[in-house]
Amino acid sequence: MMPAGSLLDTHLANLAAALVPYRRCESQLARWGADLAHRLAGGGRLLVAGNGGSAAEAQHLTAELVGKLHDDRQPLSAIALHAETSALTAIANDYGYTDVYARQVRAHGRPGDVLLLLSTSGTSPNLVSAAQAARSVGLTTWALTGAAPNPLADACDDVLAVASPDTQVVQELHLVTSHLLCEYLEQELAAATDPAAGHHAPAEPAPAGRLASGPVRTGVEVVLDGGTGQQVDA
């Protein structure tokens, strides 16, 4: 019989192990957030897609961008492709499931937009096909995946790969990534605002890993007891 608490301890141990390499993603998160801020504030669009739990996380991100994470700001264009259920099922029925996102990317994407694809495995054929379609029509392609290398990472311009074999941990850190992207984006928008003019003034892209008001902290300390009293810093 499994000892009480062992599931929790195992899950937290896996999460803590993944947090250590994840902390090295700070400069990438800052760069993505600043890039998105300038593209979306300038009229660009973010398209996102995933399957299953990753689809839910993709939709969570678009909700934060069209709405807000913290302070009130302009709404930003972000579309979760899986949420258009009539188009999704029509495309799947007429063309096959591999094309459900690629065809929407060709319909909605414009040069300079960003396509962000979420996959714990990085092997989903419909996401790889979407990345290929996006690059053919001039979109920038980003991926959130599990451990790399994987086919989706190879098909995209940039990837944030969570170094964990545990699907649940990968999804949990993808959610952290979505929140941090929004934090960096909103911080960049605030830094680009000219209070005297009351509008967004042109701004140079932020250096990777640094924003005007300082980096968002991504470190987390996790204490795992399990009866041993040992501490893991992540």
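The rules we used
- Residues numbered from 1 in each chain as written.
- Predicted model: local features only at pLDDT ≥ 70, side-chain atom pairs only at ≥ 80, totals over all residues.
- Heavy atoms only, no water.
- Helix = DSSP H or I, 4+ residues; strand = E, 2+ residues; numbered from the N terminus.
- Buried < 20%, exposed > 50% of the residue type's maximum accessible area, 1.4 Å probe, protein only.
- Areas by Shrake-Rupley, 256 points an atom, 1.4 Å probe, with all protein chains shown as cover.
- Expected span 1.5 Å × (residues − 1).
- Contact = heavy atoms within 4.5 Å.
- Salt bridge = Lys/Arg side-chain N within 4 Å of Asp/Glu carboxyl O.
- Phe/Tyr/Trp six-rings, centres within 6.5 Å; stacked < 30°, edge-to-face > 60°.
- Pairing = 2+ DSSP bridges.

Help me out: how do you make sense of the overall build of the protein in this one?
Per the secondary structure count, the protein includes eight helices and nine strands. A burial count over the protein gives 45% of its 234 residues as buried. As presented, the protein carries roughly 11,300 Å² of accessible surface, and 54% of it is formed by carbon and sulfur atoms.

I keep staring at helix α6 (residues 125-136) and nothing clicks. Help me out?
A turn of α-helix holds 3.6 residues, and therefore any two residues three or four places apart point the same way. With 12 residues, α6 should reach 16 Å at 1.5 Å per residue; the first-to-last C-alpha distance of 17 Å fits that figure. Against β1 (46-50), α5 (102-108), β3 (114-119), β4 (140-145) and α7 (151-155) lie the buried residues of α6. The positive-phi residue at the C-terminal boundary of α6 is G138, with phi of around 95°.

I keep staring at the pattern of salt bridges and nothing clicks. Help me out?
Side-chain pairs of opposite charge can arise where the charged atoms are in close proximity. Using the criterion set out here, one finds four salt bridges in the structure. Of the charged contacts in the structure, one is a salt bridge between R39 and D35, with a shortest N-O distance of 2.7 Å. Taken as a pair, R39 and D35 lie in helix α2 (residues 26-41) at a separation of four residues, close to a single helical turn. Accessibility expressed as a relative area gives 26% for D35, which makes it partly exposed. With its nearest N and O atoms 2.9 Å apart, the salt bridge here joins E186 to R73. You can see E186 sitting in helix α8 (residues 167-191) and its partner R73 sitting in the loop between α3 (53-66) and β2 (78-80), a full 113 residues away along the chain. For R73, a relative accessible area of 16% gives the class buried.

Sorry if this is basic, but what is going on with the packing of aromatic side chains here?
We describe a pair of aromatic rings using the distance from one ring centre to the other and the angle between the two ring planes. All told, the structure shown has one aromatic pair when counted by the stated rule. Ring centres 4.4 Å apart and planes at 5° place the aromatic pair W32 and W142 in the stacked group. Taken together, the residues span a long stretch of sequence, with W32 in helix α2 and W142 in strand β4 at a distance of 110 residues. The two residues W32 and W142 agree in class, both being buried.

I'm lost on the pairing of β4 in this one. Help?
Looking along a regular strand, one sees side chains alternate from face to face of the sheet. In terms of residue burial, β4 counts as a mostly covered element, since six of its six residues are buried. Burial along β4 is two-sided: the residues T140, W142 and L144 and T141, A143 and T145 are all buried. Bridge count between β3 and β4: six bridges; the pairing is parallel. For S119, the partnering residue across the bridge sits in β4 and is T145.

Just to check I follow, could you spell out unusual backbone geometry for this structure?
For residues besides glycine, phi is generally negative; the peptide bonds are generally trans as well. The omega torsion across A148 and P149 is 10°, close enough to zero to call that bond cis. Along the chain, P149 falls in the loop between β4 and α7.

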